[in-house]
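Structure at a glance
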Amino acid sequence: MAFMSSAAFHNLSGSTKAYMRRNLEAIRRTWGNAKTADLESRHIRADLSKLEPHPANTRLRAWRALCKWAFNEAALMDNDPAAPVARRVTPKSDGHKTWTRDEVAAFRHRWGYGTKQRLAFELIHRTGAAIVDACKLGPGMVRDGWLHYRRQKSGSDAVCPMTAVASPAWFEHDDHLDKCLSAHPRHMSYIVTASGAPRSHKASSQWFAAACRDAGLEGLSAHGLRKHRASVFQENGATEDQRMAILGHETASEARHYSKAADLKKTVTGTAFSNSEAKLPTSASK
């Protein structure tokens, strides 16, 4: 498909290209022998009708990108047939479930410092990084006690205090990650396989979800842990700009969305500071 060789496609972020490519390949399998000039909105609606609302909307994004390129750049169409196609109504949801403090304690109780699952958990807990970024983080990104990286999804910069000296009070710095790092060999990346190779973010998402299930935490994910940290930061009095800087958000609305699960009473009183304290036996942090 010519679109996937175009600058319009290659300028997309890595994660966007990944899901876009899967949907474009599905479109090619179904419509590959049809003429671009004959494509109409009804054909796109027919394709989407076979899918559930969320995957249908994802497929529509691929259709829109393809048709926009074909119409505006490649001049293969006289109009953009994807433009009039409406998104499907989806069930209202906040997406990935935000972790609670008790669930944080339960994961720590199940996985000790010497396990790779605990190391991945503490890295995400400390940095608030998305799993796609957490898999690329390494000690070489830390300068003067601060971790610096660029988010793959948005290209925005993020910074995170990695030492207690650099951490403000609302960050709730603890020594869990430091103990994990002391228990593991040093590698270029923090999150690695048994052989020391960097983990792919796709496989890591499933691997981390399995670790959650093993700890009795069904339905939790790495992304939900990121949302948990955003909520805790708000509860502890971090400003919107501070949350955006650590989590790499580009807009205030995105920062507000991620911290939506914050305990409003604690946000008002500023008395949260209990996130890192496990509520299970001391063996939880073995």
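Since this is a predicted model, take the numbers as computed values, not measurements.

On to the overall build of the chain. Across its full length, the chain carries 13 helices and three strands. Of the roughly 14,600 Å² of accessible surface on the chain, a fraction of 54% belongs to carbon and sulfur atoms.

Spatial ordering of the open sheet is given by 1-2-3, a layout of three strands whose pairing is antiparallel. Strands with a single pairing partner mark the edges of an open sheet, and in this sheet they are strand 1 (142–143) and strand 3 (157–161). The pairing of strand 2 (residues 146–150) with strand 3 spans five bridges and is classified as antiparallel. What sits directly across from H148, in strand 3, is V159. Strand contacts of helix 11 (residues 240–247): strand 2 and strand 3, with the helix running at about 100° to strand 3, the strand carrying the most contacts.

Before going further, it helps to spend a moment on the confidence of the model for the chain. Mean pLDDT over the chain works out to 85, with 86% of the residues at or above the 70 mark. Counting contacts from residues 272–285, a segment whose pLDDT is below 50, to residues more than four positions away or on other chains yields 42 contacts.

This part covers the nonpolar core. In terms of nonpolar packing, the biggest core is built from 41 residues, with W99, F107, F208 and L217 touching the most fellow members. If you tally residues by element for this core, the top one is helix 6 (residues 116–127), at five residues. The residues touching W99, leaving out its near neighbours within four places in the chain, are V104, F107, F121, F208, C212, L217, L220, S221, G224, L225 and H228. F3, L48, L66 and A70 belong to the second largest nonpolar core, which has 21 residues in total.

Moving on to the side chain of R226. Mapping R226 onto the fold places it in helix 10 (residues 222–235). Within the structure, the side chain of R226 is placed 2.9 Å from the backbone oxygen of L247, a separation counted as a polar contact.

What follows is about helix 10. Helix length check: helix 10, at 14 residues, gives a terminal C-alpha distance of 20 Å against a target of 20 Å (1.5 Å per residue), a fit within 8%. Most of helix 10 sits inside the fold, with 13 of its 14 residues counted as buried. One or two steps after helix 10, the chain reaches G237, where phi turns positive at roughly 100°.

Turning our eyes to something else, we now look at the packing of helix 3 (residues 41–48) against helix 4 (residues 53–73). Look at helix 3 against helix 4: their axes get within 10 Å of each other, and the N-to-C directions meet at 150°. Relative to helix 4, helix 3 is oriented roughly antiparallel. Relative to helix 4, helix 3 is oriented so that their crossing is right-handed. Facing I44, D47 and L48 of helix 3, the residues of helix 4 in contact are A56, R59, L60, W63 and C67. Its residues placed into classes, the contact of helix 3 with helix 4 shows six nonpolar, no polar and two charged.

Calculation rules
Residues numbered from 1 in each chain as written. Predicted model: local features only at pLDDT ≥ 70, side-chain atom pairs only at ≥ 80, totals over all residues. Heavy atoms only, no water. Helix = DSSP H or I, 4+ residues; strand = E, 2+ residues; numbered from the N terminus. Areas by Shrake-Rupley, 256 points an atom, 1.4 Å probe, with all protein chains shown as cover. Pairing = 2+ DSSP bridges. Contact = heavy atoms within 4.5 Å. Axes fitted to C-alpha atoms, helices over the stretch in contact; angles between N-to-C directions. pLDDT = per-residue confidence, 0-100. Core = buried A, V, L, I, M, F, W, Y, C linked by side-chain atoms within 4.5 Å. Buried < 20%, exposed > 50% of the residue type's maximum accessible area, 1.4 Å probe, protein only. Polar contact = N/O pair within 3.5 Å; in protein donor to acceptor, adjacent residues only side chain to side chain. Expected span 1.5 Å × (residues − 1). Parallel < 35°, antiparallel > 145°, perpendicular 65-115°, else oblique. Left-handed = near helix turned anticlockwise from the far one by under 90°. Nonpolar A, V, L, I, M, F, W, Y, C, P; charged D, E, K, R; others polar.

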